[in-house]
There are 2 protein chains.
Amino acid sequence: MQPRLVEVRQNILKQNDILARSLRTRFEDAGLLVVSMVSSPGAGKTTLLEATLTQLRKDGCRAAALVGDLATENDAQRLARSEAPARQITTGTVCHLDAQMIHEAIAGWSLSELDILFIENVGNLVCPASYDLGENLRLLLMSVTEGEDKPLKYPTIFNTADVAVITKTDLAAAVEFDLVAARNNIQAVRPGMTMLELSAKTGAGVPEYLESITSKLEKRVAIS
Amino acid sequence: MQPRLVEVRQNILKQNDILARSLRTRFEDAGLLVVSMVSSPGAGKTTLLEATLTQLRKDGCRAAALVGDLATENDAQRLARSEAPARQITTGTVCHLDAQMIHEAIAGWSLSELDILFIENVGNLVCPASYDLGENLRLLLMSVTEGEDKPLKYPTIFNTADVAVITKTDLAAAVEFDLVAARNNIQAVRPGMTMLELSAKTGAGVPEYLESITSKLEKRVAIS
């Protein structure tokens, strides 16, 4: 059985790569920066994304979001408070987003009227690693409550991401989080990886995080 | 492509179910209680398991453990401190344990000389839901830092589990965890599900948790 499954899966992945490549071209042609977020369930993707959308729109940046979950429309409803366009992708029992889901979810959106599109993946530190979504930048969030060892235990997804964002730093003391060990573990798995630390709750580190994203926009936005 | 993948996957799952059934019979014949643990990465499976093994062995219960991770032998090394037999299963890029991995990992162990075997799955709230490991009891851990909405967002895995264990309750106030909402969400997804709350750090709730497991042992053990 196993060889046949591997072969079919390789074809699926190849098909995904082809579609992701065409998405990337469309995004580029529209002058759109696409940023995806991956993490464990509960690392704080939606909380950070809501703060991000609110601030970016306040600064005149045309931001939108797609959010993936197995079930519920809760996240899109939360993000709607930012007044940015937001669409939910519910995957049923599928453990990751793929390029086809992105393709379908952006139908009807005029991409050239947006500056930045965020894609929040299903909470999962394994499967999303294998699926290119056509994004320009992949953020990997890990919260201090998850422990310092996660890069060593889930190396593949760290290797597919561009930036490691350590979240919930307001809880670092309570959970005795060892930031030096965490940073060393990230660099052991992906040498040279950009690392940021923040708390969406207190706002600490959020301006630096926003700057790291907006610095990649074609048309620069001044973050207040 | 999709229908073929679905068909192959169904065959894989069917094969897993057959093997899981034969494992369950072997466990039963040996008088062995098998308890599996699933959760997000970082919900505290290994910390709770180390405390569990240490206490059970102190009370004369012959406990052992299998721990799954994509990479590293760290967890088995941590668990070895309890002096219980512990083996690591490293899955590479595979996002879950399956019955074949359990079958191979217990090779050479004399099951009738054990009272209880714990199986810690890969940290993932999606994929492990589909794989029966032959266990008698499946514990689902969710930490207060993940938020109250996880049962609604990951309903399938809650539906395959027997007991929901809310962990890291010492952090509940710091993250403004709403226990009533969490309990309601669990019951909405799986009415009647047994729910426990504990902190492996402070020990609160741990005796009740141990009692809920040892009450299922054929030969009762008095927990001190």
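Residues numbered from 1 in each chain as written. Chains lettered and ligands numbered in written order. Predicted model: local features only at pLDDT ≥ 70, side-chain atom pairs only at ≥ 80, totals over all residues. Heavy atoms only, no water.

## Things to note about the relation of the copies chain A and chain B
Stage number 1. Each copy superposes on the other: chain A lies on chain B with an RMSD of 0.0 Å after a rotation of 180° and an axial shift of 0.0 Å. Such a combination of turn and shift is consistent with a two-fold rotation axis.
Stage number 2. The fraction of interface residues of chain A whose copies in chain B are also interface residues reaches 100%, indicating that both copies meet through the same surface. (Least-squares fit on C-alpha atoms with pLDDT ≥ 70 in both. Contact = heavy atoms within 4.5 Å.)

## Concerning the confidence of the model for chain A
Stage number 1. Counting all residues, the mean pLDDT for chain A is 94, and 95% of those residues have values of 70 or more.
Stage number 2. Among the prediction metrics, the complex's ipTM stands at 0.89, with pTM recorded as 0.92. (pLDDT = per-residue confidence, 0-100.)

## Structural notes on the interface of chain A and chain B
Stage number 1. Contacts between the two partners involve 42 residues from chain A, matched on the other side by 42 residues from chain B.
Stage number 2. For the chain A and chain B pair, buried surface summed over both sides reaches about 3500 Å², with 60% attributable to carbon and sulfur atoms.
Stage number 3. Counting the contacts that link chain A with chain B gives six salt bridges.
Stage number 4. Viewed at the interface, chain B and chain A are joined by 11 residue pairs in polar contact (both at pLDDT 80 or more).
Stage number 5. Going through the elements one at a time, helix H1 (2–29), helix H3 (74–80), helix H5 (150–153) and helix H6 (155–160) of chain A are the ones with two or more residues in the side of chain A that touches chain B.
Stage number 6. Ranked by residue count, the leading element in the side of chain A that touches chain B is H1(A), at nine residues.
Stage number 7. Residue classes in the side of chain A that touches chain B are distributed as 18 nonpolar, 13 polar and 11 charged. (Buried area = accessible area lost by both parts, 1.4 Å probe. Salt bridge = Lys/Arg side-chain N within 4 Å of Asp/Glu carboxyl O. Polar contact = N/O pair within 3.5 Å; in protein donor to acceptor, adjacent residues only side chain to side chain. Helix = DSSP H or I, 4+ residues; strand = E, 2+ residues; numbered from the N terminus. Nonpolar A, V, L, I, M, F, W, Y, C, P; charged D, E, K, R; others polar.)

## Brief notes about the side chain of Asn121(B)
All names here are of chain B.
Stage number 1. Its location among the elements puts Asn121 in the loop between strand S4 (116–120) and strand S5 (137–143).
Stage number 2. Asn121 gets classed as buried once you look at its relative accessible area, which sits at 2%.
Stage number 3. At a separation of 3.0 Å, a polar atom in the side chain of Asn121 contacts the main-chain amide nitrogen of Leu97.
Stage number 4. Once residues lying within four places of it in the same chain are set aside, the contact partners of Asn121 are Met37, Val38, Lys45, Gly68, His96, Leu97, Pro128 and Leu133. (Buried < 20%, exposed > 50% of the residue type's maximum accessible area, 1.4 Å probe, protein only.)

## So, helix H7 (residues 179–189) of chain A
Every α-helix carries 3.6 residues per turn, so stepping three or four residues along brings you back to the same face.
Residue and element names in this part refer to chain A.
Stage number 1. Within the sequence span of H7, burial applies to Ala182, Asn185, Ile186 and Val189. Along H7, the residues classed as buried sweep out an arc of 100° about the axis, all on the same side. Residues of H7 that are exposed and angled more than 90 degrees away from the buried face: Val180 and Ala188.
Stage number 2. Against the buried residues of H7 lie strand S5 (137–143), H5, H6, strand S6 (163–167) and strand S7 (194–197).
Stage number 3. For H7, the side-chain oxygen to backbone nitrogen distance between the N-cap and Val180 is 3.2 Å, and the N-cap itself is Asp178. (Arc of directions from axis to C-beta.)

## Some words on unusual backbone geometry
Residues other than glycine predominantly adopt negative phi, and peptide bonds predominantly adopt the trans conformation.
Stage number 1. Phi at Glu83(A) is positive, roughly 70°, even though this residue is not glycine.
Stage number 2. With respect to the element layout, Glu83(A) can be found in the loop between H3 and strand S3 (86–90).
Stage number 3. Look at Thr72(B): it is not a glycine, yet its phi comes out positive at around 75°.
Stage number 4. Position of Thr72(B) among the secondary structure elements: in the loop between strand S2 (63–69) and helix H3 (74–80).

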